[in-house]
Amino acid sequence: MHVAAVCVRIRFGRPTAATDQDGTQPDPARSIDPTELSRFLAEARTAGHGFTLPRNWLDTEGAVRGLLGEPDILAHIDPTSMRRILTFLVQYLADTTPEIKEDFDTVIDQAREQIRQKLLK
């Protein structure tokens, strides 16, 4: 989940840390541009051969919104569906987002840092 969160935040131009620089949780109201989310979902729906496509695009939208700062949404997504969505997001974004594709090690490092921060709370 943390790797997917970093990938989604990079794709949407958001801070990749779990918290803002001042240590507070990101404000969900500013976390996502509805137009950009719609564009992303339309683009992702056309992902072709080689991707494990999510079965439910509404859940996919919810997962993206959750990873961008609306975590309450994540609790409403079936765990099996969530695994498929997270797999798709990591695969798709790693393949289509240059910053991720060129330096996946940094994505892993950032995900590890998120996990470390969560464990230290």
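Quick caveat, the model's predicted, so the values are computed rather than measured. (Residues numbered from 1 in each chain as written. Predicted model: local features only at pLDDT ≥ 70, side-chain atom pairs only at ≥ 80, totals over all residues. Heavy atoms only, no water.)

Caption draft 1: A look at the packing of aromatic side chains. Evaluated as defined, the whole model comprises six aromatic pairs. Considering the side-chain rings of Trp57 and Phe88, the 5.8 Å spacing of their centres and the 90° angle between planes classify their relative orientation as edge-to-face. With Trp57 in helix α4 (residues 57-67) and Phe88 in helix α5 (residues 79-96), this pair connects stretches of sequence that are 31 residues apart. The buried category is assigned to Trp57, whose relative accessible area is 17%. Members of the aromatic cluster, each reached through a chain of ring pairs, are Phe12, Phe40, Phe51, Trp57, Phe88 and Tyr92. (Phe/Tyr/Trp six-rings, centres within 6.5 Å; stacked < 30°, edge-to-face > 60°. Helix = DSSP H or I, 4+ residues; strand = E, 2+ residues; numbered from the N terminus. Buried < 20%, exposed > 50% of the residue type's maximum accessible area, 1.4 Å probe, protein only.)

Caption draft 2: Quick peek at a negative patch on the surface. Residues Glu99, Glu102, Asp103 and Asp105 make up a contiguous surface patch of negative charge. Along the chain, the position of Asp103 falls in the loop between α6 (98-102) and α7 (104-120). Take Asp103: its relative accessible area is 35%, and that puts it in the partly exposed class. (Patch = residues over 30% accessible without salt bridge, like charges linked within 9 Å, V, L, I, M, F, W, Y side chains within 5 Å. Areas by Shrake-Rupley, 256 points an atom, 1.4 Å probe, with all protein chains shown as cover. Salt bridge = Lys/Arg side-chain N within 4 Å of Asp/Glu carboxyl O. Lys, Arg positive; Asp, Glu negative; His and termini not counted. Charge placed at Lys NZ, Arg CZ, Asp CG, Glu CD.)

Caption draft 3: Here's a closer look at the environment of Gly62. Mapped onto the fold, Gly62 is located in helix α4. The exposure class of Gly62 is buried, given its relative accessible area of 8%. Measuring from C-alpha to C-alpha, the distance between Gly62 and Leu74 comes to 6.8 Å, with twelve residues separating the pair along the chain. Contact partners of Gly62, with chain neighbours within four places excluded, come to Ile73, Leu74 and Ile77. (Contact = heavy atoms within 4.5 Å.)

Caption draft 4: Local environment of α4. Burial analysis of α4 places eight of its eleven residues in the buried class, the great majority of the element. Looking at α4, one finds that the buried residues are Trp57, Asp59, Thr60, Gly62, Ala63, Val64, Gly66 and Leu67. Where α4 is buried, its residues touch α1 (2-11), α3 (34-45) and α5. The residue sitting at the N-terminus of α4 and contributing the capping side-chain oxygen is Asn56; that oxygen lies 2.8 Å from the backbone nitrogen of Leu58. Gly69 sits one or two positions beyond α4 and adopts a positive phi of about 130°. (Polar contact = N/O pair within 3.5 Å; in protein donor to acceptor, adjacent residues only side chain to side chain.)

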